[in-house]
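Analysis of the macromolecular model
Each chain, letter by letter, is given below.
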Amino acid sequence: MQVLLTRLRALLGIVLLLTPPLAGAQLSIEITGAGAPRMPIAIASFPGEEALGPGVTSIVRADLERSGLFRGLEVPPLSPAPTEASSVNYAEWRSRLADALVLGSVAARPDGRYEVRFRLYDVVKQASLGGIAYTLSKEQVRATAHRIADFVYEKLTGEKGVFSTRIAYVVKRGNRFELQIADADGAGEEAALVSFEPIISPAWSPDGRKLAYVSFENKKPVVYVHSLLDGKRNVVANFRGSNSAPAWSPDGSKLAVTLSREGGSQIFLLNADGSNLRRLTSSAAIDTEPRFSGDGQWIYFTSDRGGTPQIYRMPVAGGEPQRVTFEGSYNVTPRLSPDGKTLAYITLNEGKFQVALLDLSNRQVQIITDSDRDESPSFAPNGRMILLATVIDGRGVLSAVSSDGRVKQRLSVTAGDVREPAWGPFIE
Amino acid sequence: MRLAIVATLAAAAVAAGCATAPGEQAPASVEERAAKPPAAVETKPIARVDLTSKPAAASPLKDPNNILSRRSIFYDFDKFDIKDEFRPLVEAHGKYLRENPGAKMLIQGNADERGSREYNIGLGQRRSDSVKRALTLLGAKDNQIESVSLGEEKPVCTEHAEECWAKNRRSDMLYGGEY
């Protein structure tokens, strides 16, 4: 018996090994912790949606659940299947414990395209919260589902949803480095750049069309701006020495970078086309990891001018830097929240590199992760979640944590080390 | 011509070998052994120079017996000063650059994996800058040397332990044509 079991296990192991990796080896997301009260929402299957391939409603439900703010209710097949045009039996949905309800339908159009209509209801208030109709091709199913989820999220929370945004990250597979772009849910991964040399520090332009990053393809760090639509790459900083840490100004016209051309690592400003270089910091220390404030008036950066690496800020127009972090001996990688009220950064806390949040109004610091090798925190454009890189079982993975620390997710990729995440902006 | 020089050198060597230091004169021998023939004069072998056995004009930079073939300087945690054990190495490269003004060097500074990737580029830069400074003080020209940083991105050792980290806290000196 024991032998049989062992054999069975061995056989299963082999079967698993023989199973080819998923096409595109895309990120899969696992929610590892959820916030307290989540709003129960019922999303009934849209009649006709099977014609579109991947289920629209299942993508909407997964998006909303991933936010940690919603709980998708099981909805058994109903007859007749309700649509956005049906009159809603609120009492029945209330008895299913739904606070909110989404009904819709999918119809094929004569031109080969499809039409998706939906409507969102507040079951408690017994009121329609509005709806939209989209026409789409079969390839746009995921994008359409993310837009529906964004609509629902915004109506029910009062904040913009980020399901239609994209993320960038770097995957190291063997000796290859891939700069990948994916939907915020990790699906639809596409490589913008593949190289045998490291790629780090991707930064989205404010319009979401370009990425600035550091590539080591010339045996030293050089800053590029890469246009995602046509793959055109411009060298914007390739001075003598090292060129790194690009950050966009909020209007997309300027970049802050770290250069060693005048000795040491110092922060410079230049136009996004690489022209008009001028030095910003002037110290004998390492000054790096610049980030603009949302109003474009300040640069936050890492500096070890006080003996240990800490976060400082200084006016973009020039002036005396002010120290921002004081607790601890290692505080690096400043990232401002979109509303400018909170600073996320990496702190060394009892031997662990973790994500800390500093409330800039009351100076309170909160550590929001429990992993130990966190890097590169990146706010979602609505400020709700923070994407970061960490290491689990010796492998680089992406993780997301809500800015209150309550919801945690892990995004892992098959057969690869994932690092350097950057959450893209809202796309209009 | 070469033979003549070699022969002269050999003769000089023989003479030097026979000479005795003053005050250390060998005592005169009192016993004569007529039965033994006088020992044959031994000629020193000619020093042979063979240019066929190794590539002509081998670069001292590639000669494993030459200190110049060593290119790496290692550092303590969070340090960028050149430790005493690496001084002769830096001095040898400084002399080579001074004597070969056409030679170019790229110094790549590296850091271990702990902490921020960008801050680690700063730490690696500090290391390569310090090697460049030492070399220029030894007479190398500024425009012969570019110091850059690879941060933690190109580890030679990938275990997550101090033994490995020590190997990755490093500056590498590369000459033109090697990068």
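Quick caveat, the model's predicted, so the values are computed rather than measured.

Criteria and thresholds
Residues numbered from 1 in each chain as written. Chains lettered and ligands numbered in written order. Predicted model: local features only at pLDDT ≥ 70, side-chain atom pairs only at ≥ 80, totals over all residues. pLDDT = per-residue confidence, 0-100. Contact = placed C-beta atoms within 7 Å. Domains from an automatic or database assignment. Helix = DSSP H or I, 4+ residues; strand = E, 2+ residues; numbered from the N terminus. Nonpolar A, V, L, I, M, F, W, Y, C, P; charged D, E, K, R; others polar. Buried ≥ 20, exposed ≤ 12 C-beta atoms within 10 Å, placed from the backbone. Pairing = 2+ DSSP bridges.

**Section: the confidence of the model for chain B**
Residue and element names in this part refer to chain B. Per-residue pLDDT for chain B averages 82, and the proportion of residues at 70 or more is 72%. Confidence drops under pLDDT 50 across residues 1-34; counting only partners more than four residues distant or on other chains, this segment forms 8 contacts. Listed scores for the predicted complex are pTM 0.84 and ipTM 0.89.

**Regarding the domain arrangement of chain A**
For interface size, the figure often reported is the accessible area lost on association. All names here are of chain A. Looking at the assigned domains, one finds that chain A contains domain 1 (38-157) and domain 2 (167-423). Of note, the centres of domain 1 and domain 2, computed from C-alpha atoms alone, are 36 Å apart. At the interface, 6 residues of domain 1 touch 8 residues of domain 2. Listed by contribution, the elements that provide at least two residues to the side of domain 1 that touches domain 2 are α2 (56-66) and α4 (141-157). For the side of domain 1 that touches domain 2, the leading source of residues is α2, giving 3 residues. Of the residues in the side of domain 1 that touches domain 2, the class split is 1 nonpolar, 2 polar and 3 charged.

**Brief notes about the pairing of strand β19 (residues 298-303) of chain A**
All names here are of chain A. Of all the 6 residues making up β19, 5 are buried; the element is thus mostly covered by neighbouring parts of the structure. Where strand β18 (residues 287-292) lies against β19, 4 bridges are found, and the strand directions are antiparallel. Residue pairing in the sheet places Arg291 in a bridge with Tyr300 of β19. Joining the antiparallel neighbours β18 and β19 is a turn of 5 residues, in which Gly296 adopts a positive phi near 75°. As defined by bridge partners, β19 adjoins strand β20 (residues 310-315) across 6 bridges and the pair is classed as antiparallel. When the bridges of β20 are listed, Trp298 appears paired with Pro315.

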